[in-house]
Structure formats: structure tokens, C-alpha cells
Amino acid sequence: MPDANDVKPSRLAPPPVTRRSFLSLSALVSFLAAMGTALAGVLRLPKPTVEPGPVRRYKVGHPEQFPLGAETLFAEENFVVRRDAAGIYAIATTCTHLGCAVARTSEGFACPCHGSKFADNGRVLAGPAPRPLPWLEISRAADGQLVVYVDREVPPGTHFPV
Amino acid sequence: MATTAPPSETISATQEFLSNLRQLPRNLKDAWFRLGRVPGSEREESQATFHNLFLHLHSVRVHRRTLSPSLTLGLGLIATFSFVVLVITGLLLMIYYKPSTALAYPSMKDIHYVVATGRFIRNLHRWAAHIMVIAVFAHMARVFFTASYKRPREFNWLVGLGLLVLTLALSFTGYLLPYDQLAYWATTIGANIANSPRELTDALGITPYFDPGGLQKRLLLGAQTVGEDSLIRFYVLHVFLLPLLLVILLSVHFWRIRKDGGLARPEDPAGGWAEWGGKMQRVFEPLATKTYGLMAVVRGRRPPVNRGPEGTVMSWPHLFWAELAVFMLTIAITLVLSFYIDAPLKELANPAVPENPAKAPWYFLGLQELVSYSAFMGGLVIPSIAVIGLALIPFLDRRPGGEGVWFGTPGERTVAWQSLLFGLASTVGMLAFTVNFGWLRNWFPEIHQLWIIAINPGSILVVLFAGWSLWVLRRRNSVRLAAVALFTCFLVGFVVLTYFATVHRGPNWQFYWWPSQWPVH
Amino acid sequence: MKDPSRLYRWMLLLTSLVSLGFLLAAAVRENLLAEWQQRQRTYRKLLAEKATDARGRELLRNFRIELRQVSVPALGAVDRCVSCHVGIDDPRMTDVPQPYRLHPGEILEHHPVDRFGCTICHQGQGAATNFHDAKAEDAYWEYPLLPPELTQATCLSCHDVTRLPRQDVALVLEGMRLYEEKSCGSCHKLHGRGGALGPALDNEGMKTKHQLVLANLKPPYTTWRWHQAHFRDPAGLVPGSQMKNPTVTESEALALTAYMLSLRQRDIPESYLAPDKIAQKFRALSPQPQPAERLYRMYCFACHGEGTYGRWEKVFLRFIPAIRGPLAVTATRRYLETQIAQGRPGTQMPPWHSQAGGLLPEEIAALAEYLRSTAAASPARATAGGTAAVGRGDAARGQVLFLRSCAGCHGVSGTGGVAPELAHPVFLQAADDAFLASTIRNGRPQTAMPAFQRPGSAGLSDAEIVDLIAFLRSLATPPPGPTAPTEEPSRSGGNP
């Protein structure tokens, strides 16, 4: 293919198209850049900014509401709150296998879906569950109430001191 | 990939496997991009076109005129690409939209306020819809004024007419989905236009036995008033049925363009010059004595078999540059509009508090103006006359000539100007008369409805236009010129009525010079 | 010849750059410049300033810039107000500007934000993420943010107002008092009780501005601004309105507005209602009779005033009788009760029985008794002379008399004009002959009805009055009741 500079312009034989000209390249690059930016924006849309339904952060009350040694089950929110000498802690009651809600049993928790069993502190005793029941982060809100974050995990054994 | 595989007798299968594994990236690339570089020769350019599913709809070479921006103004492409934008943004909106009367409006609010890019995507959808409607109308006018509907393109003209109707239906069904006040009342008006044959059947007293209007309305709404059932019907039509039909018709439309020999254009002058094989050559001159027996499947007045170049250029890259540029132009216009102007979202639909004025979508406002005189005449008869008239154009005007040239036959431009003025004067005059003096009902309150159906500003305009066209037919002795006269008049009437109803009609359908004068009610 | 696609490549370059620019601008606008993001950045600075102890540092560490919302499915609310009002539950945020300040009072202790959201009390567009749209005064939203002084109106959705601390709902209580004092119930129905001249007010607080006549209100258009202006000058706001000007001060108008806004019929789940509200709803099912004096004030006063003087009402174009004047003495108790219960046909006086005005039978009886016992003027009761007049008269002669003396006001066939309709079965049933005779003879003091038989002057004779009554009775045919159709008009004079 002849280069644009090699051919003298003439009425009968104009220069053939120069396909790799700077213009083509910059047009193509800016086109791809615009499309890429648009695609990036479009791909952001399906990820929800806010989740429908109530917040995944529960104010469960003041520390005094949880006496030493007692356990409070939050069945709808899927966690239990306990208090021992070291402080307060929350354990999720959602099976780490495939997400079924586990039932409270005498030795701990049992999952009805695939037979996983957990100890009181969430350790796996039997079944396909790959890891213990997660311990959830607890913090104190500005007004003094305890807040349990269902989506935030802490290492097992982490107590919230009170 | 036989060429890249090493001879099998010298190496073991394991080595072959490993070798294939090493060459995997290259072979994958070859499988995807067959040529692997920008086509260098015309043979490669041709292959780039017809080896690609999405490009092979194009012919390998297109005529230079096809690329001329002043011939098509890119309107068909703009309509197509805005449809592409609509499909993409529409699919995205479907992720969050919930088609129920209780949830639709809140989900629109979520899209507006919290969905990432949601507000922008919705704006794009809205603006692309408007652009598509405008482009489809303008494309039709372009095809008419360049006489591109003539043989062998009559069928494609009909397909295009179907696409126009589908476009309007898609836009209209989308109007209800936000389920806000605007949606509710615009849809109510639209549905009652469908109900308008009642006016005739009521006047004749046969509604209890024969009620096509009521049937149409109930089919559309699934009830007597807009509600849950209407919403789901409109949703199904809008996101599935109508787009499917439109895609099918669109494919036929494109396919016909190819089969009808590309865009309509006048015959090339014999002995012209054309680019061929990288240099300019004389255009092939058919011998008067020779017959060309081998007929191509592609229709055309002369078979292109064994002929020299006809002022054509390679589709790759020229046509594709053009298409890409028009695509991006559509995107850019839509983006700019969406950046500055939000799609409207009014209060939640409230059947107890009508919008005043309750206006249909803008492209129906011309109709709504006519409907305000007589629902049956304006809502059904005149649109039917218009659609049937448009459909008949290529079958009544069969004399070849002027294809692919704006106002191609002698006298066309003059007639078009005259008709523009005539249409403008008669429509504006009719509107001015009606606004100032009222109509039959104001003068004879007891008059029978049949009189009003028969004689109203809308029907009088139709008669005026038809009369003008007949006069042109006799005076100029040309069917094409009569068609130009009629089409121009209808187009002007449509534009004027739409403008008038958009800007000058306020609460209670009263005349106002400007919307800012509308009283607060 | 030119390169056929050169133009298009330029076009592609240009449009691509324009698109890229606008896409990037849109991305910046949405992701960096959103109002709630700027607010939260400022709030994080405030948190940093206050992070003096371990708790404060932890709060600062946990703080993330993100959209926050309270979703309350039971109330149908998704409120994103907390995206900017980030500090409403932080007791340290007392000395910071809005929107970061602590929610005042102890209200959040009883109404946790997570359970109640914001808009159930404050109104406004909870879905919005910027203040203009959340306030929604000129956005497309039906219930804009209530101004602070009127927010108490929404307390009544879940509380019995009398059980709330008085100072918290003082304005609404004042409004309720004024509603009674200004006798609004004479024309407006509320909880099923009240007159029928004006619209019922049960859901007045949920009305949107589109349901009001805004033409004569200056923007911004909100329902409370409309109410305030309307209480000051009803006809000035709604041309042709028959509503009596309640003559209230600016602050009284505000109190009445607060009360109007509190009238809302929302479907709120019972678990959200205060026990006293539920008790109130149960009480409303079995209403207790109210004392007659209070009833008079609530339901009669607007039109009849003290009731001792009749007056010409220019809006109604008729006389409003003095119901605690001589009439109350002349008329029988049954007549008064029927008039109250059934209303006065052809006049603006509506029926007040339990299906209409909502008054209990014993309340109507008590009202009638109240009118009689507290009547201002008590001339000698005329019934003694009246009984003598009862007899058989000649309706034909009566008609001539009627046309001469009565038709001018009561209409040619008794259908009413400026004076009440006489040819109405309800009236004719309620009024006995003695009452009719006495009224014709003595007139109706304080109204345009003159005495037709004044002592010592010309007038109708007793016989002529009997004839007139006979004619009036003949008007009762054909009545809707089962009584009269067989009787001849001329012989229907006697009252059984």
C-alpha cells in the first residue's frame, strides 16, 4: 500500500486512503476510551449502592441488658449475644456451609440443611461446614447502645469489654 | 491449525500437546481475529466485511453517494443507534425497575437517587427515546423527498412504516412505567384516544352492539382505568413484545436495503471515473448491443456482473468510519442532553387529582389537538387516513425518476415550498379561527354529534390538503408532485399541531401564548 | 476526489472526545460532588475534632463515607435523611451546625430511628439524597418537610393528643380548642359529626397542594401556608368560598393549621400505635353524649350565633332565624327536634340525625330542650289562642290568600324563596296546626316573617288563617309518606 506522501495529488489520481493516519488512530483511540468509560459506568449500575430492607447493623441495647452468663437470641437478625467474664460477644447463627439458619441445640448449634454441627463457641464439630460460625463485630454507638454489625467479622474469642 | 502443527512422525504426542499449549495464545488470537491486522489489500478489506457476522450485512463496496452526508443526513442510522442505546439502557433499568403500582414509583426514586449511574442511565433512556422518534419521522421525510421509495423499494417503505408505528408504540408504552402523575394521565389520554370510535358508535346509538373503541381500550388497559393490569401489560409490551417485533422488522428493513441494491441513487453517468484497485479508472460503459444474460440475485436496473466500477468505494473502512461516526454522534447528543436535563418524574400517580393540562406524549399532541375537536375523527380516522395514504404512496407514484436526489424531479422544490406555505397558512389559520371563534358546538349547542364528527377543523384541514394535492395533480400533471404536495402539507400540519398543542395549550385545553401564563389552579 | 471518510473520522474524533468529557464529568458529579458526600466529609472532620477519648477515636475509625438509609417496611418508608444528618444520635453533637446536630429532646429514646425512620414524623421526601429534594417544597413530592413548629401535628397519628405532654403539642391543643370555639363543626364533619356545608376534614392533613386552590397564594406552595392564609381570609384564597371568616389572629391561624395537619387517616400498623391511641379509637366506637351547651357551641353557633337575634346572611341570601328567641318558646319540642334531626329543607340547615350530622338522639333531645329552656325572650305562649284556630278550612280560599300574602317570600307554590320552603313534607309533618297558626298570627320575631294579625290592626282573620293552613296542608300531597294520597286537597286541612 503506497504511503500518502509518495503520491502526488492530481485530479485523476488522488492519493489513496491512508488508513493508519494519525487522525484515524486518534479517532479510534478516543472512541474506545469513551466506550470504555461508558462500560465502566454501566458495570457499576448492577452493584447496589444501598441494600433494600433494614440496615445490616443492629442496635441491640445497653450493656446492662445482657446479664453475666446469659444468652440472647436474635432470631430474625440471625445472631446470638452472650456475656461472660471477659465481656460481650456476638456469634452469627448462619451456617458457614451454604447459609442456612442453624438451630440452637444442647451442645451448640445444628444446621438442618446438611448436618453441620457447631459447638457453643461456634467451633465446627461435624458436617461439611468449612469454618466455625463467625463472631461479629460489636461496637458502641454514640448514644451508648451496643451495635452488632452482621456483615463484619472479628476473630473468634474477641470480646467487647464492658 | 494444520499449518502451525509440527509434523507428527518426528515428535511424540506429548511434545505435540506441549507445543500446542505453547502456541495457545497465538492460535486463540488467530481464531478470534482472523487476519490479525488492519486489512491491507482490497481482498482483505472485502474479507473483513463479509467474514464478520455484524458487518456482512453490508456489501463489500458502496457507492460514493451513500457516504455523502447530505443525502441521508444519517437519520436511519441515528434511529437505529438510538434504539441500540435504548436496548442497553433499558436492560440496565430493568435490573432495578419493579412493574407494580406499589413498587414502580419507589423503584424510580431509587434509580434516581441511589442506584450508581441510575439517574444518568434513565436520562439516556429518555433522551434516546425522543431522539429515536424524531429520527424515525425525519428519516421517513428524507426517504420521501429523495423519492427513495420507488420501485424496487416499495416493500421497504412499508416495512419502514411498520417501524414508525412500532417506535411510537414503544415510546408510548414506556410512558406509563414510572407510574407518576405524568405517566398516569398521559396514558389515560392515550387509552381514551383508542376508545374514540365510541364517539361514532354512540352518535349512531350502536355502542351496546358494536363497540370497537371500548374493546381497544380494554385490550390496552386490561380494565376501564389505568391500574395494576395496565402497568403489567405496558411492561410486557415495552420490554419484550414490541422490541422483539421491532428487531425483526429492522432486520428485514436492512436486508431489503441490501437486496434492493443499496441506497437509492440516480444512475451513474456513463464514462465517469471511479476508484478501482487503488487508482482512478473509467467507469465501465455498457454496450448498447450487448445483453447481460447472467442475472444477479440482487435487484437493480442493470446487473453489476462483470462490470467496471461505478463510483464505488470499499465499505471497509469508509462506510464503517461513517457508521461509527454517526453512532458516536448519537451517543454524544444523548449524553449531553442527559447531562443537563433530567428525565421528568412527577408525584406518584393519583387517580383523584388529574394533571391539568393532562397531555399525552409530545408526538401524540398533534393528535390530541385534533381529538379536542372530535375524538373519533382526530383520534382514528385522520391517523388512519395518514397511515394508509403513506402506505399507498409507492404504489400510486410509479413513474421512475429522481431517486436518491433531494427534490429530484423538475418542479418538486417549488411545489414543496408552495405546499409548505399552504400547509402552514391553512393549519395556522384553522387554529387561529378555532381559538377565536370556537366551532359548531359553540354556535349550535344542540347540534348532532355526527355533524361535528364530519365537519371539524381536523377534517377540514384534511379536505384542504387533499384539494390542494388534486389541484397540483391537474395543474402540474404529475403524480409525484401531487404526492409531494400532500406529504408536505401533512408533515407541516403534524409539526404545527404538535407545536401548538405543546406550547399553546394550557389548563383545560385553553389557548395561552406561553406556558408561563398558565394559571396556578 | 477527496477521501470519502475523512469527514467521518473527524466527526468520530470530535464526538468521542465530547462523549468522553461528559462521561467523566458525570462520573465526577455523581461520585465526588454529591451533596451527601460533602456533608459526610465535613462530619468526619467534626468527628476528628471530637475524637478526644478512646470512644471518640473508635467512632472516627468506624466512620465510613457511604449512603445511609433507614428502611422501615412496616411504614413504607426508606429514609435517607441520615446520610446527611449523621450525628442525630451522637450526644456530643450539640454545638455543631445543622445537619450534624443531635436530635433535640428525648424523642429518639422512645422512637429509635431504626424502627421509625424520619418521615413518619417530619414528612418530606425520604428517598432523596439532597436537601432540596428532601425538603421537597418545590419538588415533585406530595408531602414536603414540615416546618419545626408544625411537626407536632404528626404526633396525633399514633398518640391520643390529650395524653401527650401539653407543652409538646400546645399548638395542636390550641387548634382543637379554636376549632370548637369557632364552631367549625357547624359546617365541617369530623369523625362523622358535623355539618354538611363544607367538606369533611377527617383527612385534611393528608391533602396535597394539588387538591387546594393555589391561584391566590404566593409561592412557595405548601398546604400549611395555604391553611394559614385561608384561615385569615377564606374567600380571598378561594373565590366564591362560602366559608365564614373565622376572624383569627396570625398565631391562632397557625394553631388551627397545626390541628388541620394533624387530621390524617394513615394506615399505621397497630404495633406502632401508642396504647392511648388504641383506647381512643375504641372510645370513638361508642360515643358518649355531650352536654347540650357544648353541642350548641360546636355545631350551631357559626350560623345562629347566640341565637337570640335573627340576622340576614348575605352569603346564603336568606334570614337565619333566632333559635333561642321566641320561636323556641312557640314551637313544640317535637317540632324543634324534628327540625334539628331532619334539617330545614330548602335552607342551609342540614339534618343532624346520627346518619347525617352524627348527633345522638339524646343529644338532639338535649339540644331542643336547651333551646327552649335558655330562650332569651319568653312572651306569653301563644298556643292558647292557636288551639282555637284549628279546624277545617277551605284550601281554595287559602290559596288565594297565600298568593296574595305569602308567595312573595315563600314562592308561588310554597317552594321557598328568601323564606323557607313550606311545601316540604318534613316541614309539614313537623309543624302542627297550632304552631302554624301562631306563627302566621304573631310572625317570627327577628326574621322577615311579619305578624299577620296584630291586635288592633287589620290583618288576617282567624278563619282566613284556618283556610291558609288548609292550603298548606294540601301542599303535602303527594308526599313521600304513606299518609295523604287518598285525601282530597280541599279536605286535608285537619291535623290528625
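Residues numbered from 1 in each chain as written. Chains lettered and ligands numbered in written order. Predicted model: local features only at pLDDT ≥ 70, side-chain atom pairs only at ≥ 80, totals over all residues. Heavy atoms only, no water.

With that settled, the discussion passes to the overall build of chain A. The helix and strand tally for chain A stands at 1 helix and 10 strands. N-terminal to C-terminal, the α/β element order of chain A is α-β-β-β-β-β-β-β-β-β-β. Across the 162 residues that make up chain A, the buried fraction comes to 40%. Nonlocal contacts in chain A, meaning residues at least 24 apart in sequence, comprise 36% of its contacts between residues at least 6 apart. In the structure as shown, chain A presents an accessible area of about 8800 Å², 59% of it carried by carbon and sulfur atoms. (Helix = DSSP H or I, 4+ residues; strand = E, 2+ residues; numbered from the N terminus. Buried < 20%, exposed > 50% of the residue type's maximum accessible area, 1.4 Å probe, protein only. Contact = heavy atoms within 4.5 Å. Areas by Shrake-Rupley, 256 points an atom, 1.4 Å probe, with all protein chains shown as cover.)

Residue and element names in this part refer to chain B. Parsing chain B into structural domains produces domain 1 (56-255 + 304-355) and domain 2 (357-521). Its C-alpha centre places domain 1 at a distance of 23 Å from the equivalent point of domain 2. Of the roughly 3800 Å² buried at the junction of domain 1 and domain 2 (both faces included), carbon and sulfur atoms supply 72%. Area buried by domain 1 at its contact with domain 2 is led by F145, K150 and E199, which between them contribute 19% of it. Counting across the domain 1 and domain 2 interface gives 2 salt bridges. A salt bridge links D397 to K150; the nearest nitrogen and oxygen atoms lie 3.9 Å apart. Across the contact surface, domain 1 and domain 2 share 21 residue pairs in polar contact (both at pLDDT 80 or more). (Domains from an automatic or database assignment. Buried area = accessible area lost by both parts, 1.4 Å probe. Salt bridge = Lys/Arg side-chain N within 4 Å of Asp/Glu carboxyl O. Polar contact = N/O pair within 3.5 Å; in protein donor to acceptor, adjacent residues only side chain to side chain.)

Applying the stated rule across the entire model yields 1 disulfide over all chains. With its sulfur 1.8 Å from that of its partner, C100 of chain A forms a disulfide with C113 of chain A. Looking down the S-S bond of the C100 of chain A and C113 of chain A bridge, the torsion is -100 degrees, so its handedness is left-handed. Taken together, the residues C100 of chain A in the loop between β4 (87-92) and β5 (103-104) and C113 of chain A in the loop between β6 (108-110) and β7 (117-119) connect sequence positions 13 residues apart. Accessibility expressed as a relative area gives 19% for C100 of chain A, which makes it buried. C113 of chain A sits in the partly exposed class, given a relative accessible area of 38%. C187 of chain C supplies the cysteine sulfur nearest to C303 of chain C, a cysteine that is in no disulfide, at a spacing of 4.8 Å. On the accessibility criterion, C303 of chain C (18% relative accessible area) is buried. The cysteine C409 of chain C is free of any disulfide, with C406 of chain C supplying the nearest cysteine sulfur at 8.9 Å. (Disulfide = S-S within 2.5 Å.)

Overall, the coordinates contain 32 salt bridges over all chains when judged by the stated rule. Notably, a salt bridge pairs E306 of chain C with R324 of chain C, separated by 3.6 Å at the nearest N-O pair. Placement of the pair is E306 of chain C in the loop between α14 (301-304) and β5 (311-313) and R324 of chain C in the loop between β6 (318-320) and α15 (326-330), with a sequence separation of 18 residues. Note on E306 of chain C: relative accessible area 48%, which makes it partly exposed. The partner of R441 of chain C in a salt bridge is D462 of chain C, and the shortest N-O contact between them spans 3.6 Å. Of this pair, R441 of chain C sits in helix α22 (residues 433-442) while D462 of chain C sits in helix α23 (residues 462-474); the two residues are 21 residues apart in sequence, bridging distant segments of the chain. On the accessibility criterion, D462 of chain C (40% relative accessible area) is partly exposed. Counted as one network, the salt bridges with shared partners bring together E71, R82, R104 and D120 of chain A.

What characterises a pair of aromatic rings is the spacing of the ring centres plus the angle enclosed by the ring planes. All names here are of chain B. Within the structure shown, the criterion is met by 42 aromatic pairs over all chains. A centroid spacing of 5.3 Å and a plane angle of 45 degrees characterise the contact between F145 and F407, whose relative ring orientation is tilted. With F145 in helix α7 (residues 118-145) and F407 in the loop between α15 (375-396) and α16 (412-437), the pair connects residues that are 262 residues apart, well separated along the chain. A residue is classified by how much of its surface remains accessible, and F145, at 8% relative accessible area, is buried. In this structure an aromatic cluster arises from ring pairing among F144, F145, Y149, W157, W406, F407 and F487. Across the ring face of F144, the terminal group of R480 is positioned such that the distance to the ring centre comes to 4.8 Å. (Phe/Tyr/Trp six-rings, centres within 6.5 Å; stacked < 30°, edge-to-face > 60°. Lys NZ or Arg CZ within 6 Å of the ring centre and 35° of its normal.)

With that out of the way, let us pick up the sheet that holds β5 of chain A. Backbone-to-backbone hydrogen bonds pair the strands of a sheet. The strands run either parallel or antiparallel. Residues and elements named next belong to chain A. The strand order across the open sheet built from 4 strands is β5-β6-β7-β8, with neighbouring strands paired in antiparallel fashion. Edge positions in the open sheet fall to β5 and β8 (124-126), since each of these has one partner strand only. Here β5 runs beside β6; their pairing, made up of 2 bridges, is antiparallel. Its bridge partner lying in β6, R104 is registered against F109. (Pairing = 2+ DSSP bridges.)

This part is about the pairing of strand β3 (residues 79-84) of chain A. Residues and elements named next belong to chain A. Bridge analysis of strand β2 (residues 71-74) against β3 gives 4 bridges, and the strand direction is antiparallel. Each residue of the ladder has a partner; that of T72, found in β3, is V81. With antiparallel pairing between neighbouring strands as the criterion, β2 and β3 make up a hairpin whose turn holds 4 residues, including N78 at a positive phi of roughly 65 degrees. With 6 bridges joining them, β3 and β4 adopt antiparallel strand pairing. The residue of β4 that forms the bridge with V80 is I91. Hairpin geometry of β3 and β4 is characterised by an intervening segment of 2 residues between the two adjacent antiparallel strands.

Right, let's talk about the side chain of T72 of chain B for a bit. As for its placement among the helices and strands, T72 of chain B is situated in helix α4 (residues 69-72). Once residues within four sequence positions are removed from consideration, T72 of chain B is found in contact with R142 and L263 of chain B.

So, on to the interface of chain C and chain B. How large an interface is tends to be reported as the accessible area lost when its parts come together. Residue-level contacts link 39 residues of chain C with 37 residues of chain B. Between chain C and chain B lies a buried interface of about 3400 Å² when both sides are counted; carbon and sulfur atoms form 67% of it. Our count for the chain C to chain B interface comes out at 1 salt bridge. A salt bridge links R80 of chain C to D110 of chain B, with the nearest nitrogen and oxygen atoms 2.7 Å apart. Between chain C and chain B we count 8 residue pairs in polar contact (both at pLDDT 80 or more) in total. Residue contributions to the side of chain C that touches chain B peak at 15 residues, all from helix α1 (residues 6-31) of chain C. Here the residues of the side of chain C that touches chain B sort into 21 nonpolar, 9 polar and 9 charged. (Nonpolar A, V, L, I, M, F, W, Y, C, P; charged D, E, K, R; others polar.)

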